[in-house]
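# Architecture at a glance
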Amino acid sequence: MLRHEGNAIVRERKGPTELPNEDRKKNYKNEDTRTDAKTIAFVFLSLLLDLFAFTMILPLLPSLMDYYSREENQENSLYSTLLQAVRSFQKLTGAPDRFVSVLFGGALGSMYSFLQFLTSPIVGSLSDAYGRKPMLLICLTGIAASHALWSLAETFLIFVVARFIGGLSKANVSLCMAIVTDASTEKTRARGMALVGLAFSVAFIVGPLCGAWFAKTSDITNGPWGERPALYALFLSIANIALVAFCLPETLAKEKRAPVSFTLYKTVDFVSPWHLLNFTAVENLSHYQKKVLSKLGLIYFLYLFVYSGLEFTITFLTHHNFKYTAMQQGKMFLVIGLIMAVLQGGAARRLGTKSAEVAARVSVALTPFAFLCIALAALSNPPFLAPLIWLWTGLVLYALSTAFAVSCMTSIGANRAPGAARGAVLGTLRSLGALARAAGPLLTSSVYWYSGAAITYAIGSLILIIPTVMLFRLKT
């Protein structure tokens, strides 16, 4: 019976493109493929709108923290309580005073990622039962509410509540990946995932620049807490809701949906890291599929845990060792984003199932070399090359690896998931990534200030060899 169900899933996933009837193949090619491309284009536009709004706040965070520190200097305020905790962490690790605001922003970012860890697999599983579109609209409504609260955030408490709601609602990204997977075949799925990565790259180039422009031209504007940028972000979110509501079709047919079995035990499965790594809460998986996905989930988590921590401390290194100003760091990330956008834009037209697996392995393998170069850049007198050359060699390799690693590993996971469990699988992967991004920066920054940049990046590059070897040995 299990074998029969497994085969049935495979046949359902492959769909009409592999039926022997040439007429059905022709019809599928002429009609369904065109519709799928249109759906993926709408998903790409939805992600752009969402990520433009999301990234606008990034360059404003230091100014926002300065505003709240001036306005809420009472001993019992939420800001002063959290600031005291951050200062304790700073003293414990030996971080200089000038990085307190960065650590504060990192703590808020970890909270945001941790909330994504809690909600992504739950929302993904619900989308397998109720459809992608209703759950996506709920997430986008929550994101719009968070921007609306930000526009009213005269106090730090309201600002934190706004970020809290935004973090809980950020499962829209994994839902968009599930829609791309539904609307593509195994041969075109990697291209769709590359477009998702392209949306991130473009948004992280344009969004922060827009936010910086607001900050430069209007002194954080009307309200010192960023009222005008928040209203622009709210406008983009409302436009996104309208786009999804009126233009995006439902991609998961009712006959392919999974039954809802949402018990307390299942809820624990969704938030327990051990159960997430073993995909315990995901139903409709064969033994072989669960085995492959569990190994992929561990690789995904280990990679992002180390990678996100090292990524977070790059700004420490460039500011402390190379005296980069905020504008120079902005230009640095602009170059990185442009490299990623060009690569992902080209890959979107070329990646197939097998080439995505190759790209995942090569990109993950480049990451240890990238951070080893950055470790050499942290030395006062590195061998062979000047520190600045080692830094930019590492940053270019970092951009090359980042352009493909996550999107291609996600594509591998999507290809191993049956249609009735695709949302839960992608939500679980997204949740593991969010947990890694919540914990990785905290641990890595501790090692950074205890041991120094060179040792931190050298250790990180050695650890990254582990997921690299595991991915090369993974039989998909």
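Let us look at the structure shown here. (Residues numbered from 1 in each chain as written. Predicted model: local features only at pLDDT ≥ 70, side-chain atom pairs only at ≥ 80, totals over all residues. Heavy atoms only, no water.)

## Observations concerning the overall build of the protein chain
In terms of regular secondary structure, the protein chain is built from 19 helices and zero strands. By the burial criterion, 54% of the 476 residues in the protein chain qualify as buried. Pairs at least 24 residues apart make up 81% of the contacts formed inside the protein chain by residues separated by at least 6 positions. A total of about 21,100 Å² of accessible surface is found on the protein chain, and carbon and sulfur atoms cover 66% of it. (Helix = DSSP H or I, 4+ residues; strand = E, 2+ residues; numbered from the N terminus. Buried < 20%, exposed > 50% of the residue type's maximum accessible area, 1.4 Å probe, protein only. Contact = heavy atoms within 4.5 Å. Areas by Shrake-Rupley, 256 points an atom, 1.4 Å probe, with all protein chains shown as cover.)

## As for the nonpolar core
Residues Y303, L317, F371, M409, Y457 and L471 are the most contacted members of the largest nonpolar core, which totals 63 residues. The greatest single-element share of this core, amounting to 14 residues, is contributed by helix α13 (residues 287–320). Not counting residues up to four positions away in its chain, the partners in contact with Y303 are V364, T367, S401, A405, M409, L464 and P467. Residues Y68, Y112, A178 and L236 belong to the second largest nonpolar core, which totals 51 residues. (Core = buried A, V, L, I, M, F, W, Y, C linked by side-chain atoms within 4.5 Å.)

## What about the environment of P383?
Relative to the helices and strands, P383 is located in the loop between α15 (353–377) and α16 (387–415). The class of P383 is partly exposed, set by a relative accessible area of 37%.

## Considering the packing of α13 against helix α19 (residues 465–473)
Axis separation between α13 and α19 bottoms out at 9 Å; the angle between their running directions is 155°. Classified by the angle between their axes, α13 and α19 sit roughly antiparallel to one another. Crossing of α13 against α19: the hand is left-handed. The segment α13 lies against α19, with L296, L298, I299, L302 and Y303 engaging I466, P467, M470 and L471. Within the contact of α13 with α19, the residues separate by chemical class into nine nonpolar, no polar and no charged. (Axes fitted to C-alpha atoms, helices over the stretch in contact; angles between N-to-C directions. Parallel < 35°, antiparallel > 145°, perpendicular 65-115°, else oblique. Left-handed = near helix turned anticlockwise from the far one by under 90°. Nonpolar A, V, L, I, M, F, W, Y, C, P; charged D, E, K, R; others polar.)

## Quick word on the side chain of R163
You can see R163 is positioned in helix α7 (residues 156–168). One buried charged residue, R163, remains without a salt bridge, the closest side chain of opposite sign being D50 at 10 Å. When near neighbours in sequence (up to four residues on either side) are disregarded, R163 contacts F54, I57, M111, Y112 and L115. (Lys, Arg positive; Asp, Glu negative; His and termini not counted. Salt bridge = Lys/Arg side-chain N within 4 Å of Asp/Glu carboxyl O.)

## Side note on the packing of aromatic side chains
Tallied over the entire structure, the rule returns seven aromatic pairs. The interplanar angle of 15° and the centroid separation of 5.4 Å between the aromatic rings of Y303 and Y307 together place this pair among those described as stacked. With Y303 and Y307 both in helix α13 and four residues apart, the pair spans about one turn of that helix. Classification of Y303 as buried rests on a relative accessible area of 1%. The exposure class assigned to Y307 is buried, which follows from its relative accessible area of 2%. Three or more aromatic residues joined by ring pairs make a cluster, and in this case those are Y303, Y307, F371, Y398 and Y457. (Phe/Tyr/Trp six-rings, centres within 6.5 Å; stacked < 30°, edge-to-face > 60°.)

## With respect to a positive patch on the surface
On the surface, K291, K295, R473 and K475 cluster together into a positively charged patch. Residue placement: K291 occurs in helix α13. (Patch = residues over 30% accessible without salt bridge, like charges linked within 9 Å, V, L, I, M, F, W, Y side chains within 5 Å. Charge placed at Lys NZ, Arg CZ, Asp CG, Glu CD.)

## Quick look at unusual backbone geometry
Phi is positive for F384, which is not a glycine, with a value near 75°. Within the fold, F384 resides in the loop between α15 and α16.

## Quick look at helix α18 (residues 453–463)
Every buried residue of α18 is listed here: A453, A454, T456, Y457, G460 and S461. An end-on view of α18 places all buried positions within 165° of arc, on one side of the element. (Arc of directions from axis to C-beta.)

## A short note on the packing of α18 against α19
Put simply, α18 and α19 touch, their axes get as near as 4 Å, and they point 15° apart. Taken together, the axis directions place α18 and α19 in an arrangement best described as roughly parallel. Of the residues in α19, those in contact with S461, L462 and I463 of α18 are I465, I466 and P467. Grouping the constituent residues of the contact of α18 with α19 by class yields five nonpolar, one polar and no charged.

## Some remarks on the pattern of salt bridges
One pass over the structure, following the stated rule, counts three salt bridges. Where R132 meets D182, a salt bridge forms, and the shortest distance between an N and an O atom there is 2.7 Å. A residue pair is termed long-range when its members are at least 10 positions apart, and R132 in helix α6 (residues 132–151) and D182 in helix α8 (residues 172–182) qualify at 50 residues. Exposure class is identical for R132 and D182. Each is buried.

## Points about the environment of L298
Positionally, L298 belongs in helix α13. Along the chain, L298 and L432 lie 134 residues apart, while their C-alpha atoms are 8.6 Å from each other. In contact with L298, not counting residues within four places along its chain, are L277 and M470.

## A word on the environment of T410
Checked against the element boundaries, T410 lands in helix α16. T410 sits 236 residues away from S174 along the chain, and the two C-alpha atoms are 9.8 Å apart. When near neighbours in sequence (up to four residues on either side) are disregarded, T410 contacts M177, M193, Y300, L426 and L429.

## Overview of a nonpolar patch on the surface
A cluster of nonpolar residues, L78, L82, L157 and V161, forms a patch on the protein surface that exposes about 290 Å² of accessible area. Contributing elements (two or more residues each) for the nonpolar patch: α4 (78–93) and α7.

## So, the side chain of N172
By secondary structure assignment, the location of N172 is in helix α8. Here the side chain of N172 touches D50 through a polar contact of 3.1 Å, side chain to side chain. With sequence-adjacent residues up to four places away left out, N172 is seen in contact with D50, L136, C139, L140 and I143. (Polar contact = N/O pair within 3.5 Å; in protein donor to acceptor, adjacent residues only side chain to side chain.)

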